[in-house]
Structure formats: C-alpha cells, structure tokens
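Breakdown of the fold
Residues per chain, in single letters:
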Amino acid sequence: MAKPSQDQHPENPKRDPEPGSNTVKDPDDWTTGEERMTGAQASYLKTLSEEAGEEFDPALTKAEASRQIDALQEKTGRGR
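Just so it is clear, the structure is predicted and the values come from calculations on it, not from any experiment.

Counted according to the given criterion, the structure contains four salt bridges. Glu-35 serves as the salt-bridge partner of Lys-62, at 3.0 Å between the closest nitrogen and oxygen. One end of the pair, Lys-62, is in helix α2 (residues 62–76); the other, Glu-35, is in the segment before α1 (39–52), with 27 residues separating them in the sequence. For Lys-75, the salt bridge goes to Glu-54, with nearest N and O atoms at 2.7 Å. Highlighted residues: Lys-75 in helix α2 and Glu-54 in the loop between α1 and α2, separated in sequence by 21 residues. The class for Lys-75 is exposed, based on a relative accessible area of 52%.

Thresholds, definitions, all that
- Residues numbered from 1 in each chain as written.
- Predicted model: local features only at pLDDT ≥ 70, side-chain atom pairs only at ≥ 80, totals over all residues.
- Heavy atoms only, no water.
- Salt bridge = Lys/Arg side-chain N within 4 Å of Asp/Glu carboxyl O.
- Helix = DSSP H or I, 4+ residues; strand = E, 2+ residues; numbered from the N terminus.
- Buried < 20%, exposed > 50% of the residue type's maximum accessible area, 1.4 Å probe, protein only.

Written out as structure tokens, the structure reads:
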C-alpha cells in the first residue's frame, strides 16, 4: 500500500501556515493569566519598555504582561 502524499492531509497543524484560532487566545481567557509573568516575558518587556521610553513594571501578571508587550510592539514597531 502506498503512503499517502503529505498534500492529502491539510489538517496537519504542522503543515498549516495558519493553524487556527486555538493558537491565539485572549489573555483574559488564560487559566494562568493571573500568575506572575514568565522570565521570557519579563526580559522582552524590559527591552521593549527601554526602547519605548516607558517604565518597566516587574509585578505584572502573565496576562497584563502580554497586553503590555502587544502595546509596546505597536509603539516601537517590533515583533509585527
């Protein structure tokens, strides 16, 4: 039996350039959104804050940090 070609399985999320809405979730819907921001978020947010000339707040939650990152990316033109 021949192996099916990869084109016959477009539902494979690894092959889909836009895998669907489940990969993007509003921070308000995160189950861990109220936890302290991650180290990666803190590092990137600190960099963006410096570039934007804004104060870095190390006490943000994951959800707050995500929203702040989005806002500062818009302001600085990074990451989009």
